[in-house]
Amino acid sequence: MNEHISMRVNSARLSGIKGRTVRLPCKVLRLSDDIAIVEASDGGQVEIQRKNVDVTATYVEVIGNVVDASTIKAMATLPLDSEGELDMQLVNDVIELTFESRFDKLFPRYKETD
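The structure presented is a predicted model; accordingly, all values stated were derived computationally and were not measured.

A. Looking closely at unusual backbone geometry. Positive phi values are uncommon outside glycine, yet Asn52 reaches one of about 65°. Topologically, Asn52 is positioned in the loop between strand S4 (45-49) and strand S5 (59-68). Given the relative accessible area of 74%, Asn52 is considered exposed.

Written out as structure tokens, the structure is:
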């Protein structure tokens, strides 16, 4: 079942899941040709390699593969914009809850790798 998981993560959770597909809710800080710098829900900055992937909103969920502890290669983005600010602290609280063992049956997760 692990091959079909795409966990929601924050920047602190990237280090143990290199090569895995993840979902990163974030705020776009800067865009350049093939790179976006985003702020994850825990406040950490992540580089998004976004060749042929459009980023069209201030708040997005990046779906992609973890390259290293601070980089994701994007496969797609989903806009999360609403009419105001997104409560990123609330988003981060939910992400952290999904990593608690009491919710293992609801939110399957990857086994961490080195």
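Here the narrative resumes, following the displayed structure.
B. Region of the structure containing the pattern of salt bridges. For the coordinates displayed, the defined rule picks out 4 salt bridges. Salt bridges sharing common partners tie together Arg8, Arg23 and Glu61.

C. Structural context of the nonpolar core. In this structure, Val9, Leu24, Val38, Val46, Ile48, Val62 and Ile72 are the most contacted members of the largest nonpolar core, which totals 24 residues. A per-element tally of this core places strand S2 (residues 21-31) first, with 4 residues. Not counting residues within four places of it along the chain, the set of residues in contact with Ile48 comprises Leu24, Asp34, Ile35, Ala36, Val38, Val62, Ile72 and Ala74.

D. Highlighting the pairing of S4. With burial as the criterion, only one face of S4 is covered, namely that bearing Val46 and Ile48; the residues Gln45, Glu47 and Gln49 on the opposite face remain uncovered. The pairing of strand S3 (residues 35-40) with S4 spans 5 bridges and is classified as antiparallel. Bridged to Ile35 within S4 is Gln49. As consecutive antiparallel partners, S3 and S4 are separated by 4 residues, and within that stretch Gly43 has a phi angle of approximately 95°, a positive value. Bridge count for S4 against strand S6 (residues 71-79) is 3 bridges, and the pairing is parallel. If you follow Ile48 over to S6, its bridge partner there is Ile72.

E. The arrangement of the packing of aromatic side chains in detail. Counting across every chain of the model gives 0 aromatic pairs. Just above the ring of Phe99 sits the side chain of Arg13; from NZ or CZ to the centre is 4.0 Å.

F. Summary view of the confidence of the model for the protein chain. Confidence along the protein chain averages 88 in pLDDT terms, with 90% of residues attaining 70 or more. No element of the protein chain has a lower mean pLDDT than strand S1 (residues 7-8), at 91, and none a higher one than S4, at 98.

Conventions we followed
- Residues numbered from 1 in each chain as written.
- Predicted model: local features only at pLDDT ≥ 70, side-chain atom pairs only at ≥ 80, totals over all residues.
- Heavy atoms only, no water.
- Helix = DSSP H or I, 4+ residues; strand = E, 2+ residues; numbered from the N terminus.
- Buried < 20%, exposed > 50% of the residue type's maximum accessible area, 1.4 Å probe, protein only.
- Salt bridge = Lys/Arg side-chain N within 4 Å of Asp/Glu carboxyl O.
- Core = buried A, V, L, I, M, F, W, Y, C linked by side-chain atoms within 4.5 Å.
- Contact = heavy atoms within 4.5 Å.
- Pairing = 2+ DSSP bridges.
- Phe/Tyr/Trp six-rings, centres within 6.5 Å; stacked < 30°, edge-to-face > 60°.
- Lys NZ or Arg CZ within 6 Å of the ring centre and 35° of its normal.
- pLDDT = per-residue confidence, 0-100.

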